[in-house]
Amino acid sequence: MSLSKHINPSKLIRESKNSNHHHLNSSRESDSTSHPYGARYGITSIPKFHIPSKGTSAQTAYQLIHDELALDGSPSLNLASFVNTWMPEPADKLMMENMSKNLIDQDEYPMTQEIHTRCVSILADLWHAPSTHQAIGTATTGSSEAIQLGGLAMKRLWQERRKAEGKSIHEPGPNIVMGANAQVALEKFARYFEVECRLVPVSVESKYRLDPQKAMQYVDENTIGVYVILGSTYTGHYEPVKEMSDLLDEYEQKTGISIPIHVDGASGAFVAPFAHPKLLWDFKLPRVVSINTSGHKYGLAYVGVGWVVWRSKAYLPKDLIFELHYLGSVEYSFSLNFSRPAAPIIAQYFNFVHLGFEGYRAVAKDDLKNARLLSRALEKSGWYTVLSDIHRPKAKDILQENNHGTTDFDEENSENYEDGLPVVTFRFSDSFQESYPEIQQKWIQILLRTKGWIVPNYELAPDLEKVEILRVVIRENATEALVERLLGDIIEITQEIIKQESPTNALTLLGKHRRDNVGKMEEGSGSKYSGTYSRQC
């Protein structure tokens, strides 16, 4: 008899209830809805598939849902995500005060729309747009929507140019070029809007990111643009926007074909201006026509806000802008969504006012400092190889330039290290894998989760998918103390796995939640148990 079968836990619960459960439920319905815990006032199941015939009190509904959500992971220990999870209390208050506002209602909420416009202008200035007063851009739900809009604009401009030249826009059709390490939102654009997606293979030599030289093998007259990522989600490396731009300049000189660049700065567009100000990646490069970012990542707002800004109005085709006669006013829209909560945009503006340039710079530098600390410590263990490079000093000639001709090395200056996001990507070292071939790297992810940490283990981009990586994203709330605790748990787990001697025994660690006995008496410090004290329940 086979023991392997699919078991539906919901079905087991239904079949295990008393046969008269529904009868009891209906006879005490008025009482059962007054308290979240059914053991006190009745026996009710929380609705899962059908809306209940009668509701319950607001407090009861809150408690029921609140308790279920307690099963989620802790946002502060979620080191898998780039999304910001903390804002100061005044920002929380400001968001709550404006939670009911709809950004699209421009006539009803003119000051909210003014704040939206200010944010666009501030970002345009931060990214060196030619004219910040005439900047054009919009808030989005996140970078995914922003990327779609940037791609659509490039596609439409390509179509207009082809039509003007008397050429077909259907055969062979448009294509867009990006690295194989591209985040799924970039590929979504190509699939959803019928553009051929040309993925450029990545390699160890290209630092797991787009190789501009290889990318040139994929461009032609039907290329609507190149997506260049300022901060790969795999390893945090910035893709070389300047090098890509220079090669496309040469290509245009030879062929007369102009191919624009859209910079996906989902994370990096809020890091590079503050931590790597000398890096050329933004509108300083004429070939960069649009940039997107996520305000809810290193823009330090809560989830729900992204941005896309164009170099000038010339790069946003007019037929993508809709004139709306709505609620007594004329409004203009060029986003995929219509209604949009205003609170995240207001939170973004709060950060601009509250932090200023120096505040954002301080946060970026601190994030990178903590990422360097974790990177160095992991490498010093000998068990791990770090694939990200933000802890590695730049070449000597670049260091001399950064330090005004001197050879002195300022460890606190993030410009003295390789550019990138505060991301630590690591794997088992070659020597570790040779010594312990039976140990699987994914066990580290699983065992860290038993301690509350959320650290993903997954494969690198196509062509490197045989390489598994662990990735830690350092955000503002990932303090030095938290990094130290994380490292301690990684080292402890690795040591314990080695001691187990076999993969089967190693899995027994899943039930263990050991912590250092800091501040606790050592075993044997007290008198011997005499049996007179009750045991713990």
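All values reported here derive from a predicted model rather than from experimental measurement. (Residues numbered from 1 in each chain as written. Predicted model: local features only at pLDDT ≥ 70, side-chain atom pairs only at ≥ 80, totals over all residues. Heavy atoms only, no water.)

Draft legend 1. Summary view of the overall build of the protein chain. Helix and strand counts for the protein chain come out as 18 helices and 13 strands. Contacts spanning at least 24 positions in sequence make up 72% of the contacts within the protein chain whose residues lie at least 6 apart. Here the protein chain displays about 28,500 Å² of accessible surface, and carbon together with sulfur accounts for 53% of that area. (Helix = DSSP H or I, 4+ residues; strand = E, 2+ residues; numbered from the N terminus. Contact = heavy atoms within 4.5 Å. Areas by Shrake-Rupley, 256 points an atom, 1.4 Å probe, with all protein chains shown as cover.)

Draft legend 2. Summary view of the sheet that holds strand β1 (residues 136-140). Spatial strand order, β1-β7-β6-β5-β4-β2-β3: 7 strands in an open sheet with mixed pairing. The open sheet has two edge strands, β1 and β3 (196-200), and neither has a second partner. Across the sheet, the mean angle separating the axes of adjacent strands is 20 degrees when strand polarity is ignored. As defined by bridge partners, strand β5 (residues 261-264) adjoins strand β6 (residues 288-294) across 4 bridges and the pair is classed as parallel. Opposite Asp 264, over in β6, you have Asn 292 as the bridge partner. (Pairing = 2+ DSSP bridges. Axes fitted to C-alpha atoms, helices over the stretch in contact; angles between N-to-C directions.)

Draft legend 3. Up close: the confidence of the model for the protein chain. For the protein chain, the average pLDDT comes to 88, and 83% of its residues sit at 70 or higher. Counting interchain partners and residues more than four positions distant, the pLDDT-below-50 stretch residues 23-33 has 16 contacts. Of the regions scoring below 50 in pLDDT, residues 529-537 engages in 1 contact with residues more than four places distant in sequence or in other chains. (pLDDT = per-residue confidence, 0-100.)

Draft legend 4. Molecular detail of a negative patch on the surface. Where like charges cluster on the molecular surface, the negative patch consists of Glu 459, Asp 463, Glu 465 and Glu 468. According to the relative accessible area criterion, Glu 465 is partly exposed, its value standing at 43%. (Patch = residues over 30% accessible without salt bridge, like charges linked within 9 Å, V, L, I, M, F, W, Y side chains within 5 Å. Salt bridge = Lys/Arg side-chain N within 4 Å of Asp/Glu carboxyl O. Lys, Arg positive; Asp, Glu negative; His and termini not counted. Charge placed at Lys NZ, Arg CZ, Asp CG, Glu CD. Buried < 20%, exposed > 50% of the residue type's maximum accessible area, 1.4 Å probe, protein only.)

Draft legend 5. Here's a closer look at the pattern of salt bridges. Considering all chains together, one arrives at 20 salt bridges under this definition. Among the charged side chains, a network of salt bridges with common partners joins Arg 162, Glu 165, Lys 167 and Glu 221.

Draft legend 6. Representation of the UniProt feature "modified residue: N6-(pyridoxal phosphate)lysine" (unreviewed entry) in the protein chain within the structure. If you check UniProt for "modified residue: N6-(pyridoxal phosphate)lysine" (unreviewed entry), the listed places come out as Lys 297 in our numbering. Residues in contact with Lys 297, not counting those within four places in the same chain, are Phe 82, Val 83, Asn 84, Ala 266 and Ser 267. (UniProt positions renumbered as here; feature names shortened; annotations may be inferred.)

Draft legend 7. Focus on a positive patch on the surface. There is a patch of like positive charges on the surface, built from Lys 11, Arg 14, Lys 17 and Lys 48. Along the chain, the position of Lys 48 falls in the loop between α4 (38-41) and α5 (58-69). Look at Lys 48 and you get exposed, because its relative accessible area is 59%.

Draft legend 8. Layout of the environment of Ser 131. Tracing the chain through its elements places Ser 131 in the loop between α7 (110-126) and β1. Since its relative accessible area comes to 31%, Ser 131 is described here as partly exposed. Each C-alpha atom of the pair Ser 131 and Ser 312 lies 7.6 Å from the other, and the pair is 181 residues apart in sequence.

Draft legend 9. The arrangement of unusual backbone geometry in detail. Here Glu 171 and Pro 172 are connected by a cis peptide whose omega angle stands at 0 degrees. Within the element layout of this structure, Pro 172 appears in the loop between α8 (143-164) and β2 (175-179). Positive phi, close to 60 degrees, is recorded for His 128, a residue that is not glycine. In this structure, His 128 sits in the loop between α7 and β1. A residue is classified by how much of its surface remains accessible, and His 128, at 37% relative accessible area, is partly exposed. Phi at Asp 463 is positive, roughly 85 degrees, even though this residue is not glycine. Mapped onto the fold, Asp 463 is located in the loop between β12 (457-459) and β13 (468-473). Taking the relative accessible area as the measure of exposure, Asp 463 reaches 53% and is therefore exposed.

Draft legend 10. Structural detail: the packing of aromatic side chains. On inspection of all chains with the given rule, the structure shows 15 aromatic pairs. Seen in terms of ring centroids, Phe 352 and Tyr 360 are 6.2 Å apart; in terms of plane orientation they differ by 50 degrees. Their pairing is tilted. Between the aromatic rings of Tyr 384 and Phe 426, the centroid separation amounts to 5.4 Å while the plane-to-plane angle is 80 degrees, which identifies the pairing as edge-to-face. Residue Tyr 384 is located in strand β10 (residues 384-386), and its partner Phe 426 is located in strand β11 (residues 423-428); the two are separated by 42 residues in the primary sequence. Side by side, Tyr 384 and Phe 426 carry an identical accessibility label, which is buried. (Phe/Tyr/Trp six-rings, centres within 6.5 Å; stacked < 30°, edge-to-face > 60°.)

Draft legend 11. Geometry of the nonpolar core. Judged by nonpolar contacts, the single largest core of 95 residues is most densely connected at Trp 127, Val 241, Met 244, Trp 281, Phe 426, Val 472 and Leu 486. When residues of this core are assigned to their parent elements, the largest contribution, 14 residues, is made by helix α13 (residues 343-381). Membership of the second largest hydrophobic core comes to 26 residues, among which are Ile 136, Leu 152, Met 178 and Ala 190. (Core = buried A, V, L, I, M, F, W, Y, C linked by side-chain atoms within 4.5 Å.)

Draft legend 12. Up close: the pairing of β3. Looking at chain direction, β2 and β3 are connected through 5 bridges and run parallel. Its bridge partner being in β3, Ile 176 is matched across the sheet by Cys 197. Note on the crossover from β2 through helix α9 (residues 184-192) to β3: the handedness is right-handed. (Right-handed = clockwise from strand over helix to strand, strands pointing away.)

Draft legend 13. Local environment of the side chain of Arg 372. By secondary structure assignment, the location of Arg 372 is in helix α13. For Arg 372, which is buried and forms no salt bridge, the nearest opposite charge comes from Glu 412, at a distance of 5.3 Å. The residues contacting Arg 372, other than those within four sequence positions of it, are Ile 390, His 391, Glu 411, Glu 412, Ser 414 and Tyr 417.

Draft legend 14. Quick peek at the sheet that holds β13. Judged by pairing direction, the sheet is antiparallel, and its 4 strands sit side by side in the order β10-β11-β13-β12 without closing on themselves. Strand pairing shows two members of the sheet lacking a second neighbour, β10 and β12, which therefore form its edges. This sheet shows a mean twist of 40 degrees between the axes of neighbouring strands, independent of strand direction. Two elements, β11 and β13, share 4 bridges in a ladder whose sense is antiparallel. Paired with Phe 426 across the bridge in β13 is Leu 470.

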